[in-house]
Each structure stands twice: as C-alpha cells, then as structure tokens.
Amino acid sequence: MTVTQEQAQWFTDTFGAMVANVDKAVLGKEHVIRLALTCMLSEGHLLLEDFPGTGKTQLARALSSTVQGSNSRIQFTPDLLPSDVTGVTIYDPNEKKFEFHKGPIFATIVLADEINRASPKTQSALLEVMEEGKVTVDGVRHEVGEPFMVIATQNPIEQAGTYRLPEAQLDRFLMKTSLGYPDHDATVRVLRDAKTRDRTAALSPVVTASVITDMAALADEVHVDDAILDYLSRIAEETRRHVSIRLGLSVRGCLAFIRCAKTWAISQGRNHVIPDDIKLLAQPVLNHRLLITPEAQFAGITVDQVIGQILGEVSPPTERVA
C-alpha cells in the first residue's frame, strides 16, 4: 500500500487539530506536543523527565482528554504493589469462582506519575504490558486493548527514595523528552488565567480511539527509502563503537526510530521519510537508550553532546529520497 497525498493531508489536518487542542492546556510547547502525539501514533510510550511544576501531568491529561477513550493515573510510591497496577484475582463466594478485577493499567492512556519512586518489582509489572499490550495475572493473560499508551514522569533532582529505571525498562519507552519552563509570553498567558485550576478540564475530545488506530496503521505505510535505512544503520553502528558510549543503539531502538520517523513524516504532509526527520528525532529517541562511560561522565560529556557529534560525523544521503 502506498500512502496517497489525500491520505497524508487528512493525517496532517487531524494531527494539527490534536496539537491545537492540547496546546490550549500546555501553552507554548508545540514541539513537545508534536513529539508526544508522534509517540502515541507510533504506538509507543513516552517518558517525561523534568523539574516540578513544568506541566508534565498537564500534558498527559491533555493528551487523554484529546482522545475519546479511558484514562487513568497511577501515583507511584515505594509501597505500591504490582497488583495495584495490573489488577488482582478475588474469590467471589456467591458465584463460587475467582474473578479478575482490572487495575488502572487498563485504560487508553495511563499516566504513571513519578515512576522512579516505585520499587523495581512494581516497575517490572509494566514491562510486559508496555511491550505486548497484555497483562498476565495468575497465569491468565488479559488484553488492555488498543490504542494503549503509558506516559511516565520522573523528577531528575529529587533522587532520595527513588529507584533508577533499569535499561530494559527504559528501552520500552519510545521517546524521552522534557517540557522545560515556558517562555515569557506563555508564562504571562498562564498567569493571566490563574483562576483556572485545571486547564485540561475544558478540553473536549477531538478524535476517537478508532481514529488513533487508523492513523497509526496509515503511518506504518509511509515509504522509507533504502538510503534512509542505511543512514540510520550507520548512526546505530557509530553509537556502538563511540569511545564515550558503553551501551549503543539496539535493533529494537532502530525499529522504534523508524516508526517515529514514519509518523513524523506523514504529520508534515509527506508520504516518505527524509534525512531531516532522522536528525530531528535523534535526541528524544536516542537520549535514554545510550549509556555514557564513567570516564566520559567524569569529563562532563553528556549524551546530547555525543548524539550531536555522531550526527555531525555520519553523512546523510545526498540524493533525493522519495
């Protein structure tokens, strides 16, 4: 199947309407909103790491309000149990049988707030469902349905009482990004409307869950030239042999990268991926997947700097790709 220009235009218009809706609650952060929606339509999960009070929860709730589906919020704490996330099987004495009571993970969009405050055992309860869209309780598998997206937040400055996410868990997230503080004009707009406690409360759904599924399926059909695949492969190889990196980009990371690039391309009205799509998405897709060596950390080298260096050294395709 080849994506037609009409289909690409429909996708772009719908995508733009979703961005505009979320922007009503999260002011002045259009690029981050576009990244978050790209993550959703690529059937992935999003990790938001930022300082307190920058709007991480607002963004997650705004995304939930934009899609006509169910949403839930799990506040991760050290005493949270896996069954508090996935659900539990309880014996019904009247029916004389065990019944499964679904946990909050059974929703279209799940906000995992301060995910690094839960124990590794509870964090691991998310691994299966984030990868396969299923939950296994007492040997029985339960589907969470489609679409399904986990938006997790973590605070980078309060590390007391937290549990660092293991690499296997981080790799389940399609993207990692941050909101940052709003610019001057956006801050003034927020302060002007200080009487509004929750800016997401006034949002109405723009699309149904089935439209999200249709858009994700359409994005899968976006054309990727072999020259682009070669470009991404060379970037991945460079991350694996870079002197400052001890864990490079995995094959799963490459597949995630391509899915994101396809969605980003069609959101821009194109039915094919170009090298600039790869460059623009490199930071959010690679940032949490690459590990810096202790020596590089001691020298003050960051992952962002290494990604920028690799993009500068690996030459993109020079011929037109379409």
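Draft legend 1. How the structure looks around the overall build of the protein chain. Counting its regular elements, the protein chain contains 13 helices and 13 strands. For 322 residues, the compact-globule estimate of 2.2 N^0.38 gives 20 Å, and the protein chain sits close to it at 20 Å. Here the protein chain holds 322 residues, and the buried ones make up 50% of them. Summed over all atoms, the accessible surface of the protein chain reaches about 15,400 Å², with 52% contributed by carbon and sulfur. Computed over 32 positive and 41 negative side-chain charges, the inter-centroid distance for the protein chain is 4 Å.

Draft legend 2. Summary view of the packing of helix 9 (residues 226–241) against helix 11 (residues 275–286). Where helix 9 meets helix 11, the axes come as close as 11 Å, and the angle between the chain directions of the two elements is 35°. Note on packing geometry: the crossing formed by helix 9 with helix 11 is right-handed. From helix 9, Ile 228, Tyr 231 and Ile 235 reach across to helix 11, where they touch Pro 275, Ile 278, Lys 279 and Leu 286. Here the contact of helix 9 with helix 11 is composed, by residue class, of six nonpolar, no polar and one charged.

Draft legend 3. Region of the structure containing the packing of aromatic side chains. Following the criterion strictly, the structure yields three aromatic pairs and no others. On the numbers, 6.3 Å between centres and 15° between planes, the contact of Phe 11 with Phe 15 is stacked. Of this pair, Phe 11 and Phe 15 both sit in helix 1 (residues 5–23), four residues apart, roughly one helical turn. The class for Phe 11 is buried, based on a relative accessible area of 0%. Looking at Phe 15, the relative accessible area reads 0%, which means it is buried.

Draft legend 4. Region of interest: the state of the cysteines. Considering all chains together, one arrives at zero disulfides under this definition. Cys 260 forms no disulfide, and the closest cysteine sulfur to it belongs to Cys 39, at a distance of 6.1 Å.

Draft legend 5. Spatial organisation of the pairing of strand 3 (residues 71–75). Residues Ser 72 and Ile 74 line the buried face of strand 3, whereas the alternating positions Asn 71, Arg 73 and Gln 75 sit on a face that is not buried. As judged from the five bridges shared by strand 3 and strand 6 (residues 109–113), these two strands associate in the parallel manner. Considered in strand 6, the bridge of Asn 71 is made with Ile 109.

Draft legend 6. Quick look at the environment of Arg 199. Looking at where Arg 199 falls in the secondary structure, it is placed in the loop between helix 7 (184–192) and strand 11 (207–208). With 87 residues separating them in the primary sequence, Arg 199 and Ala 112 have C-alpha atoms 20 Å apart.

Draft legend 7. Spatial organisation of the environment of Met 175. Residue placement: Met 175 occurs in strand 10 (residues 175–177). Each C-alpha atom of the pair Met 175 and Arg 289 lies 9.3 Å from the other, and the pair is 114 residues apart in sequence. Each residue touching Met 175, except ones within four places of it in the same chain, is listed here: Leu 35, Thr 38, Cys 39, His 45, Leu 46, Leu 47, Cys 260, Leu 281, Pro 284, Val 285 and His 288.

Draft legend 8. View of the pattern of salt bridges. Inspection of every chain in the model, using the stated rule, returns 13 salt bridges. For the salt bridge of Glu 238 with Arg 241, the shortest nitrogen-to-oxygen distance reads 3.4 Å. Placement of the pair is Glu 238 and Arg 241 together in helix 9, with a separation of three residues, close to one helical turn. With relative accessibility at 18%, the residue Glu 238 sits in the buried group. Relative accessible area serves as the criterion here: at 57%, Arg 241 is assigned to the exposed category. The network of salt bridges with shared partners includes Glu 131, Asp 171, Arg 172, Arg 252 and Arg 289.

Parameters at a glance
- Residues numbered from 1 in each chain as written.
- Predicted model: local features only at pLDDT ≥ 70, side-chain atom pairs only at ≥ 80, totals over all residues.
- Heavy atoms only, no water.
- Helix = DSSP H or I, 4+ residues; strand = E, 2+ residues; numbered from the N terminus.
- Rg over C-alpha atoms; globule rule 2.2 N^0.38 Å.
- Buried < 20%, exposed > 50% of the residue type's maximum accessible area, 1.4 Å probe, protein only.
- Areas by Shrake-Rupley, 256 points an atom, 1.4 Å probe, with all protein chains shown as cover.
- Lys, Arg positive; Asp, Glu negative; His and termini not counted.
- Charge placed at Lys NZ, Arg CZ, Asp CG, Glu CD.
- Axes fitted to C-alpha atoms, helices over the stretch in contact; angles between N-to-C directions.
- Left-handed = near helix turned anticlockwise from the far one by under 90°.
- Contact = heavy atoms within 4.5 Å.
- Nonpolar A, V, L, I, M, F, W, Y, C, P; charged D, E, K, R; others polar.
- Phe/Tyr/Trp six-rings, centres within 6.5 Å; stacked < 30°, edge-to-face > 60°.
- Disulfide = S-S within 2.5 Å.
- Pairing = 2+ DSSP bridges.
- Salt bridge = Lys/Arg side-chain N within 4 Å of Asp/Glu carboxyl O.

These values are about where atoms sit, not about what they do.
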